[in-house]
Amino acid sequence: MILRLPSLIAAAALLPSLGACGDPEPLPPEPLTPEALAAVSSDAGAPKDQLARQIDDLFALEDLGETRAVVLMADGKLAAERYASGYDGETRFLSWSMAKTVTAVLIGMLVADGLLSVDAPAPVAEWQRTGDPRADITLRHLLQMRAGLRHTEAGDPPYESSEVRMLFLDGRDDMAQWAREQPLEAEPGERFEYSSNTTVILADIAARALTDSDDPEARRRAVADYLQERLFKPLGMTSIVPEFDASGTFIGGSLMHATARDWARFGEFLRLKGRAPGGEQLVPRRWIEAMVEPSPTAQQYGYQTWLNRPLGEAGDEWGHPLFPTRAPHSLFAMIGHMGQYVLVSPEQRLTLVRLGHSTSEERPPMLQQAADVLELYPVR
């Protein structure tokens, strides 16, 4: 037995290495393609290979859905831009609910012009009749999605959705009328309920602030010209196309079209608190600050804008659409159906646009990958 001891010790010493031989070495990542490397600028503000890899993963990884466009602005400069096959810098992408944040800015400009008041009763004539409880709804309630109007955003079957009915069925010719005719299901201001129909009411209020006419073309022209001259032209957003319904109401909850770069321009405008690239203050700073303040009934929502704040108890029902454990709480976002995102992180001086098509199951891992991109940049 004594003679065998050295042999046993030697054999025992070999066990860890023998065990390790049974575990396959992790495969190195695939080399980055020239396309992936070319998507990142030489002055991106982050290690080029790492940034190219994280953006490439947004396009290449399984179970994230289909990424069609990514634009990253860092400290006011284009850091990265990439498109999937079939899309390019001239492609206009549908906003879906990202349009809501544009509508909030439109309302802010009208408030600054003295045409609207945020805490006055919302100027909807039907609601001001004697005994109508909707008279207590303010513009702030509408902006924060707590008006209390009866609403079902997503129905099963789909035709039971209030949004679907407004956009495509019995409300499609005069969407604002259909939306504002809904009765209360909660006290104004009492609870948060995400509602695309509410944003169309805001768009109708904007049109009525700009023109007394009920002529659809006059209404369309009043809002389109105001947006163009006061917002889109100073921002250099030459591609953007808003849609209007048959009554001339801007479909401000869901239907605008613009290139990925123009969506990035709008995100940068928000990051700079309402300032255009030329230095002009297009909307008061305090309005942008109000847009990214949490609602009293949903910490993750401001004025038609999603916030990266941890959920309060009142918001648990809705879940969190962002990633408060992985990015500054000052980050905010424009979010559209099926995976349209403009993520703005003021403390990192970043705007990240991701456009594409992701299911509800694919969006959470896709957002984690977007967070990987953001984490390459320091908080300042």
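Residues numbered from 1 in each chain as written. Predicted model: local features only at pLDDT ≥ 70, side-chain atom pairs only at ≥ 80, totals over all residues. Heavy atoms only, no water.

(A) Up close: the overall build of the protein chain. Across its full length, the protein chain carries twelve helices and nine strands. Burial status across the protein chain gives 52% buried among its 380 residues. Of all intrachain contacts in the protein chain linking residues separated by at least 6 positions in sequence, the fraction that spans at least 24 positions is 61%. Accessible area of the protein chain: about 17500 Å², with a carbon and sulfur share of 53%. (Helix = DSSP H or I, 4+ residues; strand = E, 2+ residues; numbered from the N terminus. Buried < 20%, exposed > 50% of the residue type's maximum accessible area, 1.4 Å probe, protein only. Contact = heavy atoms within 4.5 Å. Areas by Shrake-Rupley, 256 points an atom, 1.4 Å probe, with all protein chains shown as cover.)

(B) Structural detail: the environment of leucine 282. By the element assignment, leucine 282 lies in the loop between α10 (260-271) and α11 (285-291). For leucine 282, a relative accessible area of 7% corresponds to the buried category. Distance in space between the C-alpha atoms of leucine 282 and arginine 230 is 6.9 Å, their sequence separation being 52 residues.

(C) Structural detail: the packing of helix α4 (residues 99-112) against α10. Between α4 and α10, the shortest axis-to-axis distance is 12 Å and the interhelical angle comes to 45 degrees. In terms of axis orientation, α4 runs oblique to α10. α10 is crossed by α4, and the crossing has left-handed handedness. Taken together, the residues of α10 that come into contact with α4 (itself represented by Thr101, Val102 and Val105) are Trp263, Phe266, Phe269 and Leu270. (Axes fitted to C-alpha atoms, helices over the stretch in contact; angles between N-to-C directions. Parallel < 35°, antiparallel > 145°, perpendicular 65-115°, else oblique. Left-handed = near helix turned anticlockwise from the far one by under 90°.)

(D) Molecular detail of the sheet that holds strand β5 (residues 256-258). Spatially, three strands are ordered β3-β5-β4 in an open sheet, and the strand pairing comes out antiparallel. Across the chains shown, the open sheet's two edge strands, defined by having one partner strand only, are β3 (93-94) and β4 (241-242). For β3 and β5, the ladder comprises two bridges, and the chain directions are antiparallel. Residue pairing in the sheet places phenylalanine 93 in a bridge with alanine 258 of β5. Contacting β3 and β5, α10 crosses the sheet at an angle of about 105 degrees to β5. (Pairing = 2+ DSSP bridges.)

(E) Representation of the sheet that holds strand β6 (residues 306-307) within the structure. The strand order across the open sheet formed by six strands is β2-β1-β9-β8-β7-β6, and the pairing between neighbours is antiparallel. Sheet topology places β2 (77-83) and β6 at the edges, where each strand pairs with a single neighbour. Where strand β1 (residues 66-74) lies against β2, six bridges are found, and the strand directions are antiparallel. Note that in β2 the partner of valine 71 across the bridge is glutamate 81. Packed on one face of the sheet, helix α3 (residues 48-60) meets β1 and β2 and runs near 150 degrees to β1. Helix α12 (residues 363-374) rests against β1, β8 (340-345) and β9 (350-357) of the sheet, and its axis sits at about 150 degrees to β9.

(F) The arrangement of the pattern of salt bridges in detail. Taken as a whole and assessed by the stated rule, the structure comprises 24 salt bridges. Of the charged contacts in the structure, one is a salt bridge between aspartate 43 and lysine 77, with a shortest N-O distance of 2.7 Å. A residue pair is termed long-range when its members are at least 10 positions apart, and aspartate 43 in the loop between α2 (34-38) and α3 and lysine 77 in strand β2 qualify at 34 residues. Among the residues examined, aspartate 43 registers a relative accessible area of 47% and is labelled partly exposed. Using a relative accessible area of 41% as the deciding quantity, one classes lysine 77 as partly exposed. A salt bridge links arginine 271 to glutamate 268, with the nearest nitrogen and oxygen atoms 2.9 Å apart. Placement of both arginine 271 and glutamate 268 in helix α10 is noted, with a separation of three residues, approximately one turn of the helix. Note on accessibility: arginine 271 and glutamate 268 belong to one class, buried. Members of the salt-bridge network, linked through shared partners, are Glu126, Arg180, Asp204, Arg208, Asp214 and Arg219. (Salt bridge = Lys/Arg side-chain N within 4 Å of Asp/Glu carboxyl O.)

(G) Fine view of the side chain of threonine 138. Tracing the backbone shows threonine 138 in the loop between α4 and α5 (139-143). The exposure class assigned to threonine 138 is buried, which follows from its relative accessible area of 12%. Reaching out from threonine 138, the side chain makes a polar contact with the backbone nitrogen of histidine 141 at a distance of 3.1 Å. Excluding anything up to four places from it in sequence, threonine 138 contacts Val118, Asp119, Ala120, Pro121 and Ala122. (Polar contact = N/O pair within 3.5 Å; in protein donor to acceptor, adjacent residues only side chain to side chain.)

(H) Representation of the nonpolar core in the model. If you look at the biggest cluster of nonpolar residues, it comprises 65 residues, and the most contacted ones within it are Leu106, Leu142, Leu231, Trp263, Phe266, Phe269 and Leu270. A per-element tally of this core places α4 first, with eight residues. Not counting residues within four places of it along the chain, the set of residues in contact with leucine 106 comprises Ala206, Val223, Tyr226, Leu227 and Phe250. One finds Ala36, Leu322, Leu331 and Leu343 within the second-largest nonpolar core, a separate group that totals 41 residues. (Core = buried A, V, L, I, M, F, W, Y, C linked by side-chain atoms within 4.5 Å.)

(I) Summary view of the confidence of the model for the protein chain. Looking at the protein chain as a whole, the pLDDT averages 90, with 88% of positions reaching at least 70. Within the model, the stretch residues 1-19 combines pLDDT values under 50 with zero contacts to residues more than four positions away or in other chains. (pLDDT = per-residue confidence, 0-100.)

(J) Summary view of the side chain of serine 95. Looking at the element boundaries, serine 95 is found in the loop between β3 and α4. With near-sequence residues (within four places) excluded, serine 95 lies in contact with Ser254, Leu255, Met256, Trp263, Gly336 and Gln340.

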